[in-house]
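Geometric and topological summary
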Amino acid sequence: MTDIKTIGVLGAGQMGGGIAHVSAVAGYDVLLADLNLERAQAGKAKIDKFMSRSVAKGKMSEADKNAALARITCVEDVGGLGPADFAVEAATENIELKKKLFKALDEALREGAILASNTSSISITLLGAETSRPSKVVGMHFMNPVPIMKLVELIRGLPTDDATYEATKALAIKLGKTVITSKDSPGFIVNRILIPLINEAGFALQEGLGTAEDIDTGAKLGLNHPMGPLELADLIGLDTCLAIADVLHKELGDDKYRAPNVLRMHVAAGWLGRKTKRGFYDYSKR
């Protein structure tokens, strides 16, 4: 752990921004990259906004916020992550994109640096095979929203060595997270459980079994869940939920992972949840 001083984050969206946020708060220097410098800077601006809300609620001091933001440096692209000791990829859940990014990370970072993926369903062994350092590749699946959710799911690829796993686990704990470990199987632990729930809620909606509000209220008050499955899907992003469901269905061949048509049509319409102000719910009026 003493070797990890600078963390690189590839992807400045909802997940990448959250990872940069908690890393900076924990005292690490952070390099934040996206497709270009402007997108990285937009991601940092959202971190600033999130931290400002914490200050307003008395959960963080203004001085701590400013110090954390000062530790985040936006860089042009993946090449700017070169000085990082540990890099986390947090791009869209697309296999070909992630394979391409891992090749680029492998070329950009020094020998011995650890490469982690925030993937929620894609094989870590597959991603590691795109690099010259498969033993230094690990899965580090944060939950959304990262600054609030306490869990990190670690995934060991087939070649991941003990030193890489232990360093990543220690880092997650330093970030204030509770760690669980999954073997490298599609969807890992959390999404193997979650996606069938979201799918079944979608089928219930599609068949007119109840309204979105009825289905979510049933889960919240009948199952004691803090959020209903449809509003949770909106928070995650319906495109992400569909991508995970498709990976699980393809790789495991079990129809319990088959996505309902209502989910596929929402994604086709561009109704991706909270991030587009429209998903199973309309957030433009909320």
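Position numbers for residues count from 1 along each chain, tracking the sequence in the order it is written. The model is predicted, so local features are restricted to residues of pLDDT at least 70 and side-chain atom pairs to those at 80 or more, both for listing and for counting; the totals for chains, interfaces and linings are taken over all residues. Note: side-chain values were computed over all heavy atoms of the structure, leaving out hydrogens and water.

**Let's talk about the overall build of the chain**
Convention followed: Secondary structure elements are defined from DSSP: runs of H or I of at least 4 residues count as helices, runs of E of at least 2 residues count as strands, and each element is numbered from the N terminus. Both definitions apply: the radius of gyration is a C-alpha atom measure, and the globule rule equals 2.2 Å times residues to the power 0.38. Each residue's exposure class comes from its accessible area (1.4 Å probe, protein chains only) as a fraction of the maximum for that residue type: buried when under 20%, exposed when over 50%, partly exposed otherwise. The contact criterion used is simple: two residues touch if any of their non-hydrogen atoms lie within 4.5 Å. Throughout, the Shrake-Rupley method with a 1.4 Å probe supplies accessible areas, and for residues the shown protein chains are the sole cover considered. Charged-residue counts in this description rest on Lys and Arg as positive and Asp and Glu as negative, His and the chain ends being excluded. By convention, the point assigned to a charge is CZ for Arg, NZ for Lys, CD for Glu and CG for Asp.
Helix and strand counts for the chain stand at 11 helices and eight strands. At 19 Å, the chain has a C-alpha radius of gyration in line with the 19 Å of a compact globule built from 286 residues. Its C-alpha atoms give the chain principal-axis dimensions of roughly 55 × 45 × 30 Å. Counting only residues that meet the buried cut, the chain has 49% of its 286 residues in that class. A fraction of 65% describes how many contacts in the chain between residues 6 or more apart in sequence connect residues 24 or more apart. A total accessible area of about 13,300 Å² is found for the chain, and carbon and sulfur atoms account for 54% of it. Counting 35 positive and 35 negative side-chain charges, the chain places the centres of these two groups 4 Å from one another.

**Observations concerning the UniProt feature "domain: 3-hydroxyacyl-CoA dehydrogenase C-terminal" (unreviewed entry) in the chain**
Our working rule: UniProt positions are given in the numbering used here, feature names are shortened, and annotations may be inferred rather than shown by experiment.
Residues given the UniProt feature "domain: 3-hydroxyacyl-CoA dehydrogenase C-terminal" (unreviewed entry) here are residues 187-283. Along residues 187-283 the backbone is 61% helical and 0% strand, and the end-to-end C-alpha distance reaches 28 Å.

**Description of the packing of aromatic side chains**
To be explicit about the condition: Note on ring pairs: Phe, Tyr and Trp rings are taken, using the six-membered ring of Trp, and paired if centres are within 6.5 Å. Classes follow the plane angle, with under 30 degrees stacked, over 60 edge-to-face and the rest tilted. Placement of a charge over a ring requires the Lys NZ or Arg CZ to be within 6 Å of the ring centre, with the centre-to-atom vector within 35 degrees of the ring normal.
Under the counting rule described, the total for this entry stands at one aromatic pair. Here the guanidinium or amino end of Arg278 rests over the ring plane of Trp271, the centre of that ring lying 3.8 Å away.

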